[in-house]
Amino acid sequence: MAIIVSFSNQKGGVGKTTTCVNMSSYIAFSGKKTLLVDLDPQGNATSGLGVKKSELKSSVYSVLCGEDDIRDVICKTCVENLDILPSNIDLVGAEVELVYMKEREKILKNALASIAHKYDVITIDCPPSLGLLTINALTASNKVIIPIQSEFYALEGLSQLMNTIKLVIKHLNASLKIDGVVLTMFDNRSLISKQISSQIRKYFGAKVFENPIPRNIRLSEAPSHGVPIMLHDPRCAGANAYLSLTDEFLKRNFKE
């Protein structure tokens, strides 16, 4: 049965989708059968893996609304061993529609139950909010990874996210655990980056991954080409950082 990991932070622009896409790609590259669930209405993970949103006949939205079977919607990506449950702008209306559904917090969990045995790892790219879509993701997951930008406002709103995770653990998913915190957009020359890193490590302790992700122009270029960094520029600093981060994740979760 797959390990299911949500990538969540309600603050936008922290590198959440970039981290989800690139870690998922390197997990798949390691030989693990992987599924990425794009639960963000912006659909950036979908387009970042070469799937054209405008050509989708069905998406994660139609799965959540009960219109399509998840097995009919999952599609291949440009990365071997990596499938995607794609998203598009249709998902914007899902929050409102989910409110009226029975056991609305568990709809994604129930959908994934039918295919989880086919994968080693399922990753979920959450929207930058703490609404019903994110609650669905956390309820379906065993673990959550929190990307945090190494900048001044990084800790703003973090207590809100932690409170949401605690409430999900208490009422919906007792097995949910924080797998780790990823420091993104890290600048080793910047005093503020070092100070924020120190504060985050003080707060989360050993949960913080040892490998931070640097600011890197090649990382920001890759999505416009519809590929992860491993296919865009596998030798750049950003690619090396995500490869090391993924190794760290695999060692935490797959004991040899």
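Everything below is about the structure shown above.
Attention here is on the structure that accompanies the text.

Definitions and cut-offs
Residues numbered from 1 in each chain as written. Predicted model: local features only at pLDDT ≥ 70, side-chain atom pairs only at ≥ 80, totals over all residues. Heavy atoms only, no water. Helix = DSSP H or I, 4+ residues; strand = E, 2+ residues; numbered from the N terminus. Expected span 1.5 Å × (residues − 1). Buried < 20%, exposed > 50% of the residue type's maximum accessible area, 1.4 Å probe, protein only. Arc of directions from axis to C-beta. Contact = heavy atoms within 4.5 Å. Axes fitted to C-alpha atoms, helices over the stretch in contact; angles between N-to-C directions. Parallel < 35°, antiparallel > 145°, perpendicular 65-115°, else oblique. Left-handed = near helix turned anticlockwise from the far one by under 90°. Nonpolar A, V, L, I, M, F, W, Y, C, P; charged D, E, K, R; others polar. Polar contact = N/O pair within 3.5 Å; in protein donor to acceptor, adjacent residues only side chain to side chain. Pairing = 2+ DSSP bridges.

1. Let's talk about helix 8 (residues 158-171)
Moving on, step 1. Its 14 residues give helix 8 an end-to-end C-alpha distance of 20 Å, which sits within 8% of 20 Å, the value for a rise of 1.5 Å per residue.
Moving on, step 2. Of all the residues in helix 8, the buried ones are Leu158, Leu161, Met162, Thr164, Ile165 and Val168. Seen along its axis, helix 8 keeps its buried residues to an arc of 155°; they face one direction. Opposite the buried face of helix 8, at more than 90 degrees from it, the exposed residues are Ser159, Lys166, Lys170 and His171.
Moving on, step 3. Contacts from the buried residues of helix 8 go to helix 7 (132-140), strand 6 (143-149), strand 7 (177-184) and helix 9 (191-204).

2. Here we look at the environment of Ala94
Moving on, step 1. Assignment of secondary structure puts Ala94 in helix 5 (residues 94-98).
Moving on, step 2. In sequence terms Ala94 and Tyr61 are 33 residues apart; their C-alpha atoms lie 6.6 Å from each other.

3. Overview of the packing of helix 7 against helix 8
Moving on, step 1. Two elements in contact, helix 7 and helix 8, have axes separated by 10 Å at closest approach and are oriented at 55°. Overall, the two elements helix 7 and helix 8 adopt an arrangement that is oblique. You can see that helix 7 and helix 8 cross each other, and the crossing is right-handed. Side by side, helix 7 and helix 8 meet where Ile135, Leu138 and Thr139 of the first sit next to Thr164, Ile165 and Val168 of the second.
Moving on, step 2. Here the residues of the contact of helix 7 with helix 8 are counted per class, giving four nonpolar, two polar and no charged.

4. So, the side chain of Ser193
Moving on, step 1. Take Ser193: it is sitting in helix 9.
Moving on, step 2. For Ser193, a relative accessible area of 2% corresponds to the buried category.
Moving on, step 3. A distance of 3.3 Å separates the side chain of Ser193 from the backbone nitrogen of Asp187, its partner in a polar contact.
Moving on, step 4. In this view, Ser193 contacts Ser150, Met185, Phe186 and Asp187; residues no more than four positions away in its chain are not counted.

5. A closer look at the sheet that holds strand 5 (residues 121-125)
Moving on, step 1. One open sheet accounts for seven strands, arranged 3-4-2-5-1-6-7; its pairing is mixed. Edge positions in the sheet fall to strand 3 (75-76) and strand 7, since each has one partner strand and no second.
Moving on, step 2. Alignment of strand 1 (residues 3-7) against strand 5, held across five bridges, turns out to be parallel. In the strand pairing of strand 5, Ile3 is matched with Val121.
Moving on, step 3. Running at roughly 165° to strand 7, helix 12 (residues 237-253) makes contact with strand 1, strand 6 and strand 7 of the sheet.

6. Details of the packing of helix 1 (residues 16-29) against helix 12
Moving on, step 1. Helix 12 packs onto helix 1 with a crossing angle of 70° between their chain directions and a minimal axis gap of 9 Å. With respect to each other, helix 1 and helix 12 are oriented roughly perpendicular. Helix-helix and strand crossings are classified by hand; for helix 1 and helix 12 the assignment is right-handed. Where helix 1 abuts helix 12, its residues Thr18, Thr19, Asn22, Met23, Tyr26 and Ile27 lie against Ala239, Tyr242, Leu243, Leu245, Thr246, Phe249 and Leu250.
Moving on, step 2. Residues belonging to the contact of helix 1 with helix 12 are distributed by class as follows: nine nonpolar, four polar and no charged.

None of the figures reported here should be taken as evidence of function without further support.
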